[in-house]
Amino acid sequence: MQYKIVADSSSDVRRLEHVDFASAPLKITVGDTTYVDDNDLNVGELTQTLRTFKGRSITACPSPEDWLERFGDADRVFCVAITSTLSGSCNAARLAARDYENAHPGRKVFVIDTLSTGPEMALIIEKLEEMICEGCDYETICHDIMAYLKKTKLTFMLQSVRNLANNGRVNSAVAALVGLLGIRIVGIASDHGDLQQMAKSRGDKRAMADMIKIMKDLGYKGGKVLIHHCENLPAAEAFKQKLLEINPLAKITIDTAGGLCSFYAEDGGMLVGFETA
Ligand code: X90
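K.L.:
How should I be thinking about the pairing of strand β3 (residues 27-30) in this particular structure?
P.N.:
Consecutive side chains along a regular strand alternate between the two faces of the sheet. In this sheet, strand β4 (residues 33-36) lies alongside β3 in antiparallel orientation, the contact comprising 4 bridges. Across the sheet, lysine 27 pairs through a bridge with valine 36, a residue of β4. As consecutive antiparallel partners, β3 and β4 are separated by 2 residues, and within that stretch glycine 31 has a phi angle of approximately 60°, a positive value. Examined bridge by bridge, β3 and strand β5 (residues 57-60) share 4 bridges and lie antiparallel to one another. Across the sheet, residue threonine 29 finds its bridge partner in β5, namely isoleucine 58.

As structure tokens, then:
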């Protein structure tokens with residue numbers, strides 16, 4: 001039985017060691033230039049461009065064909081998609097899954113609407129990899145990954161919500177916060193898969209204290225944490241230290257955000273996916 005995991009590029013996962021993996025890229029159009037969010041994208045350069053760009057910029061999710069061509073000829077495919085509340089990616093994956101199963105009777109595709117993005121998606125992907133490696137059967141994995149998804153959460157801090165607001169991905173209360181200097185928008189991915197603002201914090205330090213509080217309130221007890229940042233390694237490292245104070249043995253990994261998450265989380269933004277108890 002050949003397994004494959006296919007995620008859209010908002011997961012920030014570029015490769016897996018033990019299971020066949022592919023990323024379906026989203027696209028980011030800044031003025032006249034379209035960037036494909038794949039492993040060749042220079043994310044630092046994109047962020048640099050966005051610092052001074054004043055025009056219109058938009059994003060586009062992968063098409064059903066983009067998903068389909070990444071399934072290869074696997075017998076069992078797991079699709080891991082960004083929240084369907086804010087993107088058409090999950091819907092495209094579902095269409096691809098239907099076509100694939102019709103074209104190849106016996107093969108199966110399980111589509112996961114993560115209701116989240118970035119590092120929470122990466123947690124899901126790592127858990128799938130683990131279960132596949134353990135030799136779990138397909139039905140068990142489908143069931144257990146949905147249970148795991150209930151235990152994972154996402155919190156974040158953003159220095160700017162301009163791109164989210166310009167693309168209609170936040171409600172008007174959050175959009176009204178565009179242009180506030182020195183303020184960090186701290187929030188979570190809600191149970192409905194959209195951005196829920198929890199605090200307005202002055203500076204990274206205060207924002208990180210607010211994020212820790214949110215994590216504890218949501219049931220964080222020292223489980224696995226993935227931190228993805230956009231040009232803000234100092235904050236990511238400081239945050240990791242704070243978490244190690246709670247549990248010195250916690251498994252905490254820092255990574256850079258890919259193109260899509262960097263575009264929306266913007267310069268200095270940080271996303272944290274974590275397991276609750
Ligand atoms: O289909 C598309 O064009 C992609 C649209 C994606 C819009 C949201 C991306 C959010 C990226 C920003 C902070 C975390 C928000 C979490 C909400 C679930 C990261």
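Having seen the structure, we can now continue with the description.
K.L.:
Help me out: how do you make sense of the site of the ligand in this one?
P.N.:
Looking at the ligand, there are 17 residues lining it, with Thr59, Cys61, Leu86, Ser87 and Arg169 nearest. The side chain of threonine 59 places a nitrogen or oxygen atom 2.5 Å from an oxygen atom of the ligand. Contact with the protein chains covers 99% of the free accessible surface of the ligand, which is 560 Å². Counting only elements with at least two residues in the shell around the ligand, the list comes to β5 and β8 (152-158). Classifying every residue of the shell around the ligand gives 11 nonpolar, 4 polar and 2 charged.

Rules behind the numbers
- Residues numbered from 1 in each chain as written.
- Predicted model: local features only at pLDDT ≥ 70, side-chain atom pairs only at ≥ 80, totals over all residues.
- Heavy atoms only, no water.
- Pairing = 2+ DSSP bridges.
- Helix = DSSP H or I, 4+ residues; strand = E, 2+ residues; numbered from the N terminus.
- Near = heavy atom within 4 Å.
- Polar contact = N/O pair within 3.5 Å; in protein donor to acceptor, adjacent residues only side chain to side chain.
- Areas by Shrake-Rupley, 256 points an atom, 1.4 Å probe, with all protein chains shown as cover.
- Nonpolar A, V, L, I, M, F, W, Y, C, P; charged D, E, K, R; others polar.

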